[in-house]
Amino acid sequence: MAKPCVLVTGFAPFGGETINPSWEAVSQLEGEAIGLQQSHIIHTKELPCEFDKALVALYQAIDKYHPSLVLCVGQAGGRAAISIERVAININDARIADNAGKQPIDTAVITGGPVAYWAALPIKRLVQALHQAQIPAEVSNSAGTYVCNHVMYGLLHYIDTQQLDCQGGFVHIPYLPEQAVKHSGAASMSASNVQQALKVILTEALANPIDIKLAAGTTH
Ligand code: PCA
C-alpha cells in the first residue's frame, strides 16, 4: 500500500502580483516526509485563482492522492501572522475579478449547502505549536468571501459529503518581503518561516487528529 500522505495546496498569483507566497512556500515541500516517524509524504498542488475551477483542481488532487489531511494555503496581503482559519461560509462575494474575469457577488459556493463549516483541524493547538516555534500566528474568524473562502468551503463540503476520513482546513499567510516593499507599511514573512510554519502545522495536526464526525456542527 502507498505511504499515507497529506495534500498541501497554494494559489497562482492574482490581483496584480507576480508571485503568490502560498505557492512559493508550498511548492518547496513536494515529496518531503512529515509527521512522527516521517509517517506521511507531502504532495502539493497549485490551484488557479478562479472560482469553481479551483475546486475542480482540488477535488482531482484529493481523488488522486486520498490524503489523510488537506491543508489549503493562500495569501492574505496585509496580515502580519499565520492565520489559521476557523470557519468557511457559503458565499462568494468578490471584491475583484478572479483570474478568469469572474466576479460573483452574493452567490452560494454550493447551492443548498449549509451556511458554514468549521475547519476540521485542531486550530487552537496549531496556534500554540506555532507560538512555541516562535512564529507569529493567530486564529482568524474569517477567510473572506473571495477564492480562498470558496476553496475552504468546497474542501470541507467535499470531506463531509464524501465522508472522507480526512482532516482539512485553510491557512492564510502574509506577503513575502519582496511583495511587501511595494505595499507601504504592509507586514511580511519570509518564505523559509512560512515553510517552517507549514511543517509545524502538518506535524501537530497529524499528531492530534480531531474526530471529523464529531467536528461537524461543533467548534474546537
Ligand atoms: N488569496 C485570495 C485568493 C487566492 C489567494 O492566495 C483570498 O484570500 O481569497
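Residues numbered from 1 in each chain as written. Predicted model: local features only at pLDDT ≥ 70, side-chain atom pairs only at ≥ 80, totals over all residues. Heavy atoms only, no water.

If you look the protein chain up in an unreviewed UniProt entry, it shows as Pyrrolidone-carboxylate peptidase from Pseudoalteromonas fenneropenaei. Regarding the protein chain, the UniProt comment filed under Catalytic activity (unreviewed entry) reads as follows: "Release of an N-terminal pyroglutamyl group from a polypeptide, the second amino acid generally not being Pro." Per its UniProt entry, the protein chain bears the Subunit (unreviewed entry) comment "Homotetramer." (UniProt positions renumbered as here; feature names shortened; annotations may be inferred.)

Draft legend 1. Summary view of the nonpolar core. In terms of nonpolar packing, the biggest core is built from 67 residues, with Leu58, Ile82 and Val151 touching the most fellow members. Broken down by element, the residue count for this core peaks at 9 residues, all from helix α4 (residues 147–161). Non-local contacts of isoleucine 82, meaning those with residues more than four positions away in its chain, are made with Leu130, Ile135, Pro136, Ala137, Glu138, Val171, His172, Ile173, Met189, Ala197 and Ile201. (Core = buried A, V, L, I, M, F, W, Y, C linked by side-chain atoms within 4.5 Å. Buried < 20%, exposed > 50% of the residue type's maximum accessible area, 1.4 Å probe, protein only. Helix = DSSP H or I, 4+ residues; strand = E, 2+ residues; numbered from the N terminus. Contact = heavy atoms within 4.5 Å.)

Draft legend 2. Layout of empty space enclosed by the protein. Scanning the entire structure with this criterion turns up 1 cavity of 30 Å³ or more. Taken together, Phe11, Phe14, Cys49, Tyr146, Val147 and Cys148 form the lining of the largest cavity. (1 Å grid on protein atoms, 1.4 Å probe; cavity = no way out; pocket = protein on both sides within 12 Å on 5 of 7 lines; lining within 4 Å. Points joined across faces, edges and corners; volume = space filled by probe spheres on them.)

Draft legend 3. Geometry of the side chain of asparagine 20. Note on placement: asparagine 20 falls in the loop between β1 (5–11) and α1 (21–26). A polar atom in the side chain of asparagine 20 sits 2.6 Å from the side chain of serine 22. When residues no more than four places from it in sequence are discounted, the contact partners of asparagine 20 are Phe11, Ala12, Pro13, Phe14 and Gln75. (Polar contact = N/O pair within 3.5 Å; in protein donor to acceptor, adjacent residues only side chain to side chain.)

Draft legend 4. Just the packing of helix α2 (residues 53–65) against α4, in detail. Between α2 and α4, the shortest axis-to-axis distance is 10 Å and the interhelical angle comes to 40 degrees. Here α2 lies oblique to α4, going by the angle between them. Relative to α4, the crossing made by α2 is right-handed. Along the contact surface, α2 presents Ala54, Leu55, Leu58, Tyr59, Ile62 and Asp63, while α4 presents Val147, His150, Val151, Gly154, Leu155 and Tyr158. Along the lines of polarity and charge, the residues of the contact of α2 with α4 split into 9 nonpolar, 2 polar and 1 charged. (Axes fitted to C-alpha atoms, helices over the stretch in contact; angles between N-to-C directions. Parallel < 35°, antiparallel > 145°, perpendicular 65-115°, else oblique. Left-handed = near helix turned anticlockwise from the far one by under 90°. Nonpolar A, V, L, I, M, F, W, Y, C, P; charged D, E, K, R; others polar.)

Draft legend 5. The site of the ligand, seen in detail. Taken together, the neighbourhood of the ligand is formed by Phe11, Phe14, Asn20, Cys49, Gly74, Gln75, Tyr146, Val147, Cys148 and His172. Here an oxygen atom of the ligand sits 2.9 Å away from a polar atom, N or O, in the side chain of asparagine 20. Coverage of the ligand by the protein chains reaches 93% of its 270 Å² of free accessible surface. The set of elements that each furnish at least two residues to the shell around the ligand consists of β4 (69–75) and α4. Residues that form the shell around the ligand fall into these classes: 6 nonpolar, 4 polar and no charged. (Near = heavy atom within 4 Å. Areas by Shrake-Rupley, 256 points an atom, 1.4 Å probe, with all protein chains shown as cover.)

Draft legend 6. Spotlight on the pairing of β4. Burial runs high along β4: 7 of the 7 residues are buried. Of the two faces of β4, the one carrying Leu69, Leu71, Val73 and Gln75 and the one carrying Val70, Cys72 and Gly74 are both buried.

Draft legend 7. Spatial organisation of the packing of aromatic side chains. For the structure shown, the criterion picks out 5 aromatic pairs. Between phenylalanine 51 and tyrosine 146, the ring centres sit 5.7 Å apart and the planes meet at 80 degrees, which makes this aromatic pair edge-to-face. Taken together, the positions of phenylalanine 51 in the loop between β3 (40–47) and α2 and tyrosine 146 in the loop between β10 (137–140) and α4 put the pair 95 residues apart, joining distant regions of the chain. For phenylalanine 51, a relative accessible area of 3% corresponds to the buried category. Tyrosine 146 sits in the buried class, given a relative accessible area of 16%. Connected via pairs of aromatic rings, a cluster forms that spans Phe14, Phe51 and Tyr146. (Phe/Tyr/Trp six-rings, centres within 6.5 Å; stacked < 30°, edge-to-face > 60°.)

Draft legend 8. Geometry of helix α3 (residues 123–132). Restricting attention to buried positions, one finds in α3 the residues Ile123, Leu126, Val127, Ala129 and Leu130. Down the axis of α3, the sector holding all buried residues measures 165 degrees, keeping them to one side. Residues of α3 that are exposed and angled more than 90 degrees away from the buried face: Gln128 and Gln132. For α3, the elements touching its buried residues are β5 (82–85), β10 and α6 (191–207). Glutamine 134 sits one or two positions beyond α3 and adopts a positive phi of about 65 degrees. (Arc of directions from axis to C-beta.)

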